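# A structural walkthrough
If you want the building blocks of each chain, they are given just below.
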Amino acid sequence: MISENLKNIQASIPSHVTLVAVSKTKPVESLMEVYDARQRVFGENKVQEMCDKYDEMPKDIHWHLIGHLQTNKVKYIAPFVALIHSVDSFKLLEEINKQALKNNRVIDCLLQFHIAQEETKFGLSENEASELIASNEFKLLKNVRIVGVMGMASFTEDNETVRNEFQSLKKIFTNLKNKFFSKEDCFKEISMGMSGDYLLAIEEGSTMVRVGSSIFGTR
Ligand SMILES: *Cc1c(COP(=O)(O)O)cnc(C)c1O
């Protein structure tokens, strides 16, 4: 059943789009079903849960942290995390850099933007991100690499609202690319789209979709 779901989703997304299988709250047995169907990118939103699953599962998995990250927990994921989707402050980026250096690696990160109507969502504004990237302090961080942007659309049935929010994230991406990263190929990811809206997100330029319940069932 789970592997059927996975196959259907894989068949519906173009090859340039990365599927992140969002496995939060699901047991390792369920993740292994997806792993056995050749899925290697998994997304988790809690540090402890991601570390536990990392310990138990094969080591060729790419673990993506997709949820809000507290600075005091960065050290636990720094040895192995493949991509952090949820960078929303300089302070957090500085800590990721520090822990990456300790582990002798460079950690890829996405800047998370606030694109939804809802008050509760975390994320930067375009101005805040521009200031962050332009700062001298940022240039000193050699062990983090900003490879793109992430956003969550409003939780609504209204497709036009969701589409507008995805378009605004795409626009932020393009502006930042032109202003700061035009010569760097690594700034290329737009992480947007979940179970309910990933096809819409791909239409609007998503390169990375984070799909949980459509693969694993409801939580
Ligand atoms: C849980 C979660 C998802 C996946 O949500 P589904 O609707 O189950 O696909 C995607 N992104 C983030 C940040 C999440 O926390």
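Residues numbered from 1 in each chain as written. Predicted model: local features only at pLDDT ≥ 70, side-chain atom pairs only at ≥ 80, totals over all residues. Heavy atoms only, no water.

### So, the overall build of the protein chain
Helix and strand counts for the protein chain stand at ten helices and eight strands. Its C-alpha atoms give the protein chain a radius of gyration of 17 Å, near enough to 17 Å, the size a compact globule of 219 residues would have. Here the C-alpha coordinates of the protein chain stretch approximately 50 × 45 × 30 Å along the principal axes. For the protein chain, with 219 residues in total, the buried portion stands at 52%. Sequence separation of at least 24 residues holds for 58% of the intrachain contacts in the protein chain that already meet a minimum separation of 6. Counting every atom, the protein chain has about 10900 Å² of accessible surface; 49% of that belongs to carbon and sulfur. (Helix = DSSP H or I, 4+ residues; strand = E, 2+ residues; numbered from the N terminus. Rg over C-alpha atoms; globule rule 2.2 N^0.38 Å. Buried < 20%, exposed > 50% of the residue type's maximum accessible area, 1.4 Å probe, protein only. Contact = heavy atoms within 4.5 Å. Areas by Shrake-Rupley, 256 points an atom, 1.4 Å probe, with all protein chains shown as cover.)

### Side note on the packing of helix 6 (residues 126-134) against helix 8 (residues 159-181)
With their axes 11 Å apart at the nearest point, helix 6 and helix 8 run at an angle of 20 degrees to one another. The orientation of helix 6 relative to helix 8 falls into the category roughly parallel. Relative to helix 8, the crossing made by helix 6 is right-handed. In contact with Glu 126, Ala 129, Ser 130, Ile 133 and Ala 134 of helix 6, helix 8 contributes Ile 172, Asn 175, Leu 176, Lys 179, Phe 180 and Phe 181. Looking at the contact of helix 6 with helix 8 residue by residue, the class counts come to seven nonpolar, two polar and two charged. (Axes fitted to C-alpha atoms, helices over the stretch in contact; angles between N-to-C directions. Parallel < 35°, antiparallel > 145°, perpendicular 65-115°, else oblique. Left-handed = near helix turned anticlockwise from the far one by under 90°. Nonpolar A, V, L, I, M, F, W, Y, C, P; charged D, E, K, R; others polar.)

### Digging into the pairing of strand 1 (residues 18-22)
Burial of strand 1 is extensive: four of the five residues sit out of reach of the surface. Two elements, strand 1 and strand 8 (residues 208-211), share four bridges in a ladder whose sense is parallel. Pairing of Thr 18 across the sheet is with Met 208, part of strand 8. Relative to strand 2 (residues 41-44), strand 1 runs parallel, the two sharing two bridges. Each residue of the ladder has a partner; that of Val 22, found in strand 2, is Gly 43. Crossover handedness for the path strand 1 to helix 2 (residues 28-36) to strand 2: right-handed. (Pairing = 2+ DSSP bridges. Right-handed = clockwise from strand over helix to strand, strands pointing away.)

### Some thoughts on the packing of aromatic side chains
Per the counting criterion, the structure on display carries five aromatic pairs. Here Phe 42 and Trp 63 contribute two aromatic rings whose centre-to-centre distance is 5.7 Å and whose plane-to-plane angle is 35 degrees, an arrangement assigned as tilted. Pair noted here: Phe 42 is in strand 2 and Trp 63 is in strand 3 (residues 62-65), with a separation of 21 residues, a long-range link. Assigned by exposure class, Phe 42 and Trp 63 land together as buried. On the basis of an interplanar angle of 5 degrees and a centroid distance of 5.0 Å, the ring pair of Phe 173 and Phe 187 is categorised as stacked. Taken as a pair, Phe 173 in helix 8 and Phe 187 in the loop between helix 8 and strand 7 (189-191) lie far apart in primary sequence, 14 residues in all. Side by side, Phe 173 and Phe 187 carry an identical accessibility label, which is buried. Linked through ring pairs, Phe 173, Phe 180, Phe 181 and Phe 187 together constitute an aromatic cluster. Residue placement shows Arg 40 over the ring face of Tyr 35; its charged tip is 3.5 Å from the ring centre. Stacked on the ring of Tyr 54, the Lys or Arg Lys 59 has its end atom at 4.7 Å from the ring centre. (Phe/Tyr/Trp six-rings, centres within 6.5 Å; stacked < 30°, edge-to-face > 60°. Lys NZ or Arg CZ within 6 Å of the ring centre and 35° of its normal.)

### Considerations on helix 8
For helix 8, which comprises 23 residues, the first-to-last C-alpha distance of 31 Å matches the rise-based estimate of 33 Å (1.5 Å per residue) to within 8%. Its buried side turned inward, helix 8 meets strand 5 (107-113), helix 6, strand 6 (144-151), strand 7 and helix 9 (198-203). (Expected span 1.5 Å × (residues − 1).)

### Considerations on the pattern of salt bridges
In total, this model carries eight salt bridges according to the counting rule given. Between Lys 53 and Glu 44 there is a salt bridge; the shortest N-O distance is 2.8 Å. Glu 44 carries the same exposure label as Lys 53, and that label is buried. Between Glu 160 and Arg 163 there is a salt bridge, with its nearest N and O atoms 3.8 Å apart. Placement of the pair is Glu 160 and Arg 163 together in helix 8, with a separation of three residues, close to one helical turn. Residue classification places Arg 163 among the partly exposed residues on the basis of a relative accessible area of 21%. (Salt bridge = Lys/Arg side-chain N within 4 Å of Asp/Glu carboxyl O.)

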